[in-house]
Amino acid sequence: MSLFRSIFRRRSKLTDPKELEIYAPKDDSGNPTTAAAAHKKNSSAEEFLDYWIQKAVEMGASDVHFERYRTYVKIRYRVDGKLQTIRKLPVNLHSGLVTRVKILAKLKIDEKRIPQDGRFSLTKGEQKFDVRVSILPGYLGECIVMRLLQSNSNNFSLQKLGARDRDVLKLERLVSIQNGIIVVAGPTGSGKSTTLYSIIKKISSPERKVITVEDPVEYQLDGINQVSVNETIGMTFAAALRSMLRQAPNIILVGEIRDKETAEIAIRAALTGHLVLSTIHAKDTVNAITRLLDLGLPPYLIAATLRGVLSQRLARKLCPFCSKAGPCDPTLLKEIAPEYTIPADAHASEAGGCDECLRSGYKGRQAIMEILPISEAIQKLIDQKCDEDAIRNQARSEGMETLREVALEHYTHGEMGYESLLALLAEMS
């Protein structure tokens, strides 16, 4: 009898029988079964791993975490940006699980001292996924994180980002330019890459050559030349960019502007007629300009090449099946945003809980965007190296809405729960 079969025959004391009740699969008669009953059908590490990946796909998880602790292995899924503990398993399962993941990702099975990264592909029903694997040696054993990336370029659309219609129109006008630099700013996990891919999908055509340099390539897009950074062999962003310019592209996507050298080459490309898209870690649009200046770039070059900056965050969307509409409490809004003018038609919605959203009250995420087109007036302020307040005041006078204002509007239109609003405002502060 195999190790996995013998373990599944006895119930783990670490598992709450109600823990996975809402995720339970169906038996042959269509009745819900417990996760433990489903496990009894598994007889190998392959089936065991497949089961938990299948559950992750059904829940819409973006990441699957297997974490080794002293007396158990914890499974966690990241759903809509939130990590959820799914189950605790016996430590006996850990070794076979790690080995199976390493085999799939073509990693060294006997190497347990250093981190390893890899990837593999899988198909679940009609969905195809690229799975990025990261294995990190811990004190008690190796921890696994698998990121599930759906291999479908149809998922990338400016309309599917969840932004307001007028923000999508602003963005479409911004990306219609033929040359210059457009930067997407935000912290890790704010959806910058998804927005860039959506822009690429919008503006690419058979008549325009698009090349990307990424670390790593997250999604494989048809018709796009994609290059992966590999710093161990000298393939840095800067090195890849130099070679890309000799490929006569029309559009260049740089995964991230991290240093002065990469930024200088990107500016040179913009000056010679290319459209350059990139990301930068900054808290908002105006701070992104400051970050470029901090890299040591001359202000006049930034002013001459920067066409626009987009800053964004991701907010959890209320489940459309169980959210509850209600009046908007002006007292609460005045406490958290005294400067905000509450619209006359303001209304709020609260999270509920149903099978569609796995009892969480939330389903999916939407982009909260701050868009700053670089006008002539703002170009002059950048060239004069004015402070952030001066640039922000000018942008506001030209109609720019801040991230905070956009988030509050989503809430007062019933598109975001109060809990999500508080979390978002805290992240922006």
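Quantities reported herein were computed from a predicted structural model and do not represent experimental measurements.

### Looking at the overall build of the protein
Part 1: Looking only at helices and strands, the protein features 15 helices and 15 strands.
Part 2: Expressed as a percentage of its 429 residues, the buried residues of the protein come to 48%.
Part 3: Contacts spanning at least 24 positions in sequence make up 64% of the contacts within the protein whose residues lie at least 6 apart.

### Considerations on the confidence of the model for the protein
Part 1: Taken over all residues, the pLDDT of the protein has a mean of 85, while the share at 70 or more is 89%.
Part 2: Within the protein, no element has a lower average pLDDT than helix α1 (residues 3-9), which sits at 37, and none a higher one than helix α12 (residues 376-383), at 97.
Part 3: A low-confidence stretch, residues 1-28 (pLDDT under 50), is modelled with 55 contacts involving residues beyond four sequence positions or located in other chains.
Part 4: Counted against residues more than four places away or in other chains, residues 30-43, with its pLDDT under 50, gives 28 contacts.

### Thoughts on the sheet that holds strand β2 (residues 73-79)
Part 1: Strand order in the open sheet formed by six strands is β3-β2-β1-β6-β5-β4, with antiparallel pairing between adjacent strands. The open sheet has two free edges, formed respectively by β3 (82-89) and β4 (116-124), since each of these has just one partner strand. Averaged over neighbouring strand pairs, the angle between their axes works out to 20° when direction is ignored.
Part 2: The strands touched by helix α4 (residues 94-104) are β1 (61-68), β2, β4, β5 (127-137) and β6 (142-150); relative to β6, the strand with the most contacts, the crossing angle is about 45°.

### What about helix α13 (residues 388-397)?
Part 1: Among all positions in α13, only Ile 391, Arg 392 and Ala 395 are buried. When α13 is viewed along its axis, its buried side chains cluster within an angular range of 95° and face the same direction. Seen from the open side of α13, the exposed residues pointing more than 90 degrees away from its buried face are Asp 389, Asn 393 and Ser 397.
Part 2: Each element contacted by the buried residues of α13 is listed here: α9 (285-294), β15 (362-373) and α12.

### A closer look at the side chain of Gln 312
Part 1: Here Gln 312 shows up in strand β12 (residues 306-318).
Part 2: Relative accessible area serves as the criterion here: at 1%, Gln 312 is assigned to the buried category.
Part 3: Side-chain polar atoms of Gln 312 contact the backbone oxygen of Ser 190, separated by 2.8 Å.
Part 4: Among the polar contacts made by the side chain of Gln 312, one reaches the side chain of Thr 195 at a distance of 2.6 Å.
Part 5: The residues contacting Gln 312, other than those within four sequence positions of it, are Ala 185, Gly 186, Pro 187, Ser 190, Gly 191, Lys 192, Thr 195, Ile 368, Met 369 and Leu 403.

### Examining helix α5 (residues 165-174)
Part 1: Among all positions of α5, only Asp 167, Val 168, Leu 171, Glu 172 and Leu 174 are buried. Burial along α5 is one-sided: seen end-on, the buried residues are contained in an arc of 160°. Within α5, the exposed residues directed more than 90 degrees away from the buried face are Asp 165 and Arg 173.
Part 2: As for α5, its buried residues are in contact with β7 (180-185), α6 (192-203), β12, β15 and α14 (403-412).

### Re the environment of Lys 192
Part 1: Note that Lys 192 resides in helix α6.
Part 2: What Lys 192 contacts, discounting residues up to four positions off in sequence, is Val 184, Ala 185, Gly 186, Pro 187, Thr 279, Ile 280, His 281 and Gln 312.

### A look at the packing of helix α3 (residues 45-59) against α4
Part 1: With their axes 9 Å apart at the nearest point, α3 and α4 run at an angle of 80° to one another. As summarised for this structure, α3 and α4 are arranged roughly perpendicular, according to the angle between their axes. Here α3 contributes Ala 45, Glu 46, Phe 48 and Leu 49 to the contact with α4, which in turn contributes Gly 96, Leu 97, Arg 100, Val 101 and Leu 104.
Part 2: Partitioning the contact of α3 with α4 into residue classes produces six nonpolar, one polar and two charged.

### Some remarks on the nonpolar core
Part 1: In this structure, Ile 181, Ile 289, Leu 292, Leu 306, Leu 372 and Ile 382 are the most contacted members of the largest nonpolar core, which totals 43 residues.
Part 2: Looking at this core element by element, the count peaks at six residues for helix α8 (residues 260-271).
Part 3: Not counting residues within four places of it along the chain, the set of residues in contact with Leu 372 comprises Thr 285, Val 286, Ile 289, Gly 308, Val 309, Ile 378, Ala 395 and Met 400.
Part 4: Leu 49, Trp 52, Phe 120 and Phe 129 belong to the second-largest nonpolar core, a separate cluster that totals 32 residues.

### A few points about the side chain of Ser 420
Part 1: Within the fold, Ser 420 resides in helix α15 (residues 418-428).
Part 2: With residues near it in sequence (within four places) discarded, Ser 420 still touches Arg 316 and Tyr 362.

### Points about unusual backbone geometry
Part 1: Of the consecutive residues Asp 215 and Pro 216, the connecting peptide bond is found in the cis state with omega at -10°.
Part 2: Within the chain, Asp 80 stands out as a residue other than glycine whose phi angle is a positive 55°.
Part 3: Along the chain, Asp 80 falls in the loop between β2 and β3.
Part 4: What makes Asp 80 buried here is its relative accessible area of 17%.
Part 5: Backbone geometry places Ala 248, a non-glycine residue, at a positive phi of 55°.

### Structural notes on the sheet that holds strand β10 (residues 251-254)
By definition, the strands of a sheet pair up through backbone hydrogen bonds, in either a parallel or an antiparallel sense.
Part 1: Strand order in the open sheet formed by seven strands is β9-β8-β10-β11-β7-β12-β15, and the pairing between neighbours is mixed. Since the sheet does not close on itself, it has two edges, and those belong to β9 (225-228) and β15, each with one partner. For this sheet, the mean inter-axis angle between neighbouring strands, taken without regard to orientation, is 20°.
Part 2: Strand contacts of α15: β12 and β15, with the helix running at about 145° to β12, the strand carrying the most contacts.

About the thresholds
Residues numbered from 1 in each chain as written. Predicted model: local features only at pLDDT ≥ 70, side-chain atom pairs only at ≥ 80, totals over all residues. Heavy atoms only, no water. Helix = DSSP H or I, 4+ residues; strand = E, 2+ residues; numbered from the N terminus. Buried < 20%, exposed > 50% of the residue type's maximum accessible area, 1.4 Å probe, protein only. Contact = heavy atoms within 4.5 Å. pLDDT = per-residue confidence, 0-100. Pairing = 2+ DSSP bridges. Axes fitted to C-alpha atoms, helices over the stretch in contact; angles between N-to-C directions. Arc of directions from axis to C-beta. Polar contact = N/O pair within 3.5 Å; in protein donor to acceptor, adjacent residues only side chain to side chain. Parallel < 35°, antiparallel > 145°, perpendicular 65-115°, else oblique. Nonpolar A, V, L, I, M, F, W, Y, C, P; charged D, E, K, R; others polar. Core = buried A, V, L, I, M, F, W, Y, C linked by side-chain atoms within 4.5 Å.

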